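Per-entry structural report
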Amino acid sequence: MAFMVKSMVGGQLKNLTGGLGGEEKSEGEKSPAEAQGMTREEYEEYQRQLVEEKMERDAQFAQRKAERATVRSHCRDKYRLPKNETDDNQIQLVGGDVELPKELAKMIEQDDEEEEEKNSVIGQLSNIQNLDLDSLKDKASATLEDLKQSAEKCSVM
């Protein structure tokens, strides 16, 4: 009789209080390992693997962030912009020596070559409109040859 009263009143009391207090595990509740159909050792191994995979993903992500920071810092150096401490910190976080992906390195190299070409004298002359560089080169080489021939004929030398 006490069992029946306890089950009737206890269930109502639990609903009323929201199940607060020291509940005991009933047979229906299982540990996380049992809920997934694993033994405790299998579950612990599974958890270790998850942690290792997360660490690998975080390391790869940090490496990518450092590569991007390297590209940004290169662009800042190229255009003489102020440095950003966040980028420097990201590079240092990975270890300091970050290699750019081959594609990005090629792009930067091509940009550098284009900048050098534009900064050269011939690059500046190519920007002038209505200027034929081929004829200018031909005239310069002809003048140089004339100078060489006249230097050979000179009796003072």
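Residues numbered from 1 in each chain as written. Predicted model: local features only at pLDDT ≥ 70, side-chain atom pairs only at ≥ 80, totals over all residues. Heavy atoms only, no water.

1. Let's talk about the overall build of the chain
Across its full length, the chain holds seven helices and zero strands. Among the 157 residues that make up the chain, the fraction classed as buried is 10%. The long-range share in the chain, meaning contacts at least 24 apart out of those at least 6 apart in sequence, stands at 41%. When the accessible surface of the chain is totalled, it reaches about 14,100 Å², and 53% of it is carbon and sulfur. (Helix = DSSP H or I, 4+ residues; strand = E, 2+ residues; numbered from the N terminus. Buried < 20%, exposed > 50% of the residue type's maximum accessible area, 1.4 Å probe, protein only. Contact = heavy atoms within 4.5 Å. Areas by Shrake-Rupley, 256 points an atom, 1.4 Å probe, with all protein chains shown as cover.)

2. Observations regarding unusual backbone geometry
Phi is positive for Arg80, which is not a glycine, with a value near 55°. Relative to the helices and strands, Arg80 is located in the loop between helix H3 (40-78) and helix H4 (85-94).

3. Let's talk about H3
In this model, H3 (39 residues) spans 57 Å end to end at C-alpha, consistent with the 57 Å of a helix rising 1.5 Å per residue. Taken together, the buried positions of H3 are Tyr43, Ala66, Glu67, Ala69, Thr70, Val71, Ser73 and Arg76. Looking at the packing, one finds that the buried side of H3 touches helix H2 (32-35), H4 and helix H5 (102-119). Backbone geometry just downstream of H3 places Arg80 in the positive-phi region, at approximately 55°. (Expected span 1.5 Å × (residues − 1).)

4. Describing the packing of H3 against H5
The geometry of H3 relative to H5 is characterised by a closest axis approach of 12 Å and an angle of 5° between their N-to-C directions. Considered as vectors, H3 and H5 are oriented roughly parallel to each other. Packed against H3, whose contacting residues are Val71, His74 and Lys78, the element H5 presents Leu104, Ile108, Asp111, Asp112 and Glu115 at the interface. (Axes fitted to C-alpha atoms, helices over the stretch in contact; angles between N-to-C directions. Parallel < 35°, antiparallel > 145°, perpendicular 65-115°, else oblique.)

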